[in-house]
Amino acid sequence: KRIAIFASGSGSNAEKICSYFEGRTDVEVSLILTNNPQAGVIARARKFHIPSVVFDRKSFYESEKILDLLKNQKIDFIVLAGFMMLIPPFLVEAYPGKMVNIHPALLPKYGGKGMYGHFVHEAVVAAGERESGITIHFVNEFYDEGNIIFQASCEITPTDSPDDVASKVQVLEHAHYPEVIDKVITESTR
Ligand code: GRF
């Protein structure tokens with residue numbers, strides 16, 4: 001099975017996923033795509049000798065270029081890892097049950113447009129939540145509303161800052177995302 005990872009930022013999740021599958025013959029990360037030419041994920045892809053593609057908004061939404069690329073790279077599964085763009089419907093439809101995302105909060109709370117990255121942790125702290133966590137879900141054409149696959153939570157203390165929450169959540173992301181992806185892929189091939 002060939003995975004493509006979409007990322008917009010530093011790509012720490014992408015890196016964990018690449019190292020998790022390194023050496024596996026049944027599943028491999030074959031391509032990394034980003035909308036951000038400065039994304040740290042490009043350098044991380046290079047470390048694993050994985051090709052990366054930078055695309056712009058226009059080609060992502062107004063053409064099927066990216067879908068064509070995924071198809072001719074024989075991509076079977078799409079992983080979003082800190083990807084900040086909505087997935088166009090034609091791409092969602094091309095990968096039914098084969099596209100997942102990770103959200104740094106316990107959906108359905110703190111989800112939806114604009115609720116990403118640090119904003120999420122600020123909102124969680126501002127609301128006085130006693131826990132936060134991660135949600136791994138299938139992707140549909142609406143932000144963060146696909147069927148939930150996995151959730152894990154962490155405790156928030158009254159003195160935790162958004163940064164403290166972000167690092168607790170990131171520990172959960174790195175610990176769980178790769179193996180949840182592995183389970184979804186290997187189950188889908190059963
Ligand atoms: C993570 O918080 C993830 O939950 C969210 O975007 C961030 C990606 O971080 N979707 P990184 O680029 O993988 O380090």
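Residues numbered from 1 in each chain as written. Predicted model: local features only at pLDDT ≥ 70, side-chain atom pairs only at ≥ 80, totals over all residues. Heavy atoms only, no water.

What counts, and what does not: UniProt positions are given in the numbering used here, feature names are shortened, and annotations may be inferred rather than shown by experiment.
Under the annotation held in an unreviewed UniProt entry, the protein carries the name Phosphoribosylglycinamide formyltransferase and is attributed to Dyadobacter helix. UniProt annotates the protein under Pathway (unreviewed entry) with the comment "Purine metabolism; IMP biosynthesis via de novo pathway; N(2)-formyl-N(1)-(5-phospho-D-ribosyl)glycinamide from N(1)-(5-phospho-D-ribosyl)glycinamide (10-formyl THF route): step 1/1." According to the UniProt record, the Sequence similarities (unreviewed entry) comment for the protein is "Belongs to the GART family."

Section: the overall build of the protein
This is how the line gets drawn: Going along the chain from the N terminus, every DSSP run of H or I of four or more residues is numbered as a helix, and every run of E of two or more is numbered as a strand. The size measure is the radius of gyration over C-alpha atoms, and the globule rule it meets is 2.2 Å times the number of residues to the 0.38 power.
For the protein, the count of helices and strands is seven helices and seven strands. Counting from the amino terminus, the protein carries its helices and strands in the arrangement β-α-β-α-β-α-α-β-α-β-α-β-β-α. Computed over its C-alpha atoms, the radius of gyration of the protein comes to 16 Å, within 12% of the 16 Å expected for a compact globule of 190 residues. Along the three orthogonal principal directions, the C-alpha set of the protein runs to about 50 × 35 × 35 Å.

Comments concerning the nonpolar core
Generally speaking, nonpolar side chains in soluble globular proteins are found buried as a group. Convention followed: Side-chain atoms within 4.5 Å link the members of a nonpolar core, which is a set of buried Ala, Val, Leu, Ile, Met, Phe, Trp, Tyr and Cys residues. Three labels apply to residues, based on accessible area from a 1.4 Å probe with only protein chains included: buried if under 20% of the type maximum, exposed if over 50%, partly exposed otherwise in between. Contact definition: two residues touch when any of their heavy atoms are within 4.5 Å.
Ranked by internal contacts, the top residues of the largest apolar core, which has 38 residues, are I3, I5, V79, Y177 and I181. Here the element with the most residues in this core is helix α7 (residues 162–188); it accounts for eight residues. Excluding residues within four positions of it along the chain, I3 makes contact with F21, V27, E28, V29, S30, L31, I75, F77, V79, I181 and I185. Formed by 20 residues, the second largest nonpolar core is a distinct cluster that contains L33, I75, F83 and V92.

Focus on the sheet that holds strand β1 (residues 2–6)
Inclusion rule: For two strands to pair, DSSP has to find at least two bridges joining them. Between the N-to-C directions of two axes lies an angle of 0 to 180 degrees, each axis being a line fitted to C-alpha atoms and, for a helix, fitted only over the stretch in contact.
Spatially, the seven strands line up as an open sheet ordered β3-β2-β1-β4-β5-β6-β7, and their pairing is mixed. The outermost strands of the open sheet, each flanked by one partner alone, are β3 (52–54) and β7 (148–155). Looking at each pair of strands side by side, their axes are set apart by 20° on average, direction ignored. Against the sheet, helix α2 (residues 40–47) engages β2 (28–34) and β3, with an angle of about 155° to β2. Docked against the sheet, helix α4 (residues 65–72) engages β1, β2, β3 and β4 (77–80), running at close to 165° with respect to β2.

Focus: the environment of A152
Examined against the element boundaries, A152 turns out to sit in strand β7. Residues A152 and G111, spaced 41 residues apart in sequence, show a C-alpha to C-alpha distance of 15 Å. Other than its neighbours up to four places away in sequence, A152 contacts L106, S132, G133, I134, L172 and H176.

Section: the site of the ligand
Our working rule: Near, as used in this document, describes a residue that has one of its heavy atoms within 4 Å of the molecule or strand being considered. Here a polar contact is taken to be a pair of N or O atoms separated by no more than 3.5 Å, where protein atoms must pair a possible hydrogen donor with a possible acceptor and residues adjacent in sequence count only if both atoms sit in side chains. Two kinds of site are reported from a 1 Å grid over the protein atoms alone, namely cavities, where a 1.4 Å probe fits but cannot get out, and pockets, open sets with protein on both sides within 12 Å along at least five of seven lines, and residues are called lining when an atom falls within 4 Å of a point. The way we define it, a molecule is inside a pocket or cavity when more than half of its atoms are within 2 Å of that pocket's grid points. Nonpolar residues are Ala, Val, Leu, Ile, Met, Phe, Trp, Tyr, Cys and Pro. Charged residues are Asp, Glu, Lys and Arg, and all others, Gly as well, are polar.
Near the ligand, the surroundings consist of G9, S10, G11, S12, N13, G82, M84, I102, P104, Q170 and E173. With respect to the ligand, the side chain of S10 contributes an N or O atom lying 2.8 Å from an oxygen atom. Contacts to the ligand include E173, whose side-chain N or O atom sits 2.5 Å from an oxygen atom. The site holding the ligand turns out to be the largest pocket. Counting residues per element, the ones that place at least two in the shell around the ligand are α1 (12–21) and α7. A class-by-class count of the residues in the shell around the ligand yields three nonpolar, seven polar and one charged.

Section: the pairing of β2
Walk down a regular strand and you will see the side chains alternate between the two sheet faces. Under the convention used in this document: Crossover handedness is defined by viewing with both strands directed away from the observer: a clockwise path from the first strand over the helix to the second marks the crossover as right-handed.
Counted residue by residue, β2 has six buried out of seven residues, so it is predominantly covered. Strand direction decides the pairing type here: β1 and β2, joined by five bridges, are parallel. Following the sheet pairing, R2 is matched in β2 by E28. Once the chain exits β1 it traverses α1 before rejoining the sheet at β2, and the crossover so formed is right-handed. Inspection of the sheet shows β2 paired to β3 by three bridges, in the parallel sense. The partner of L33 across the bridge, within β3, is V53.

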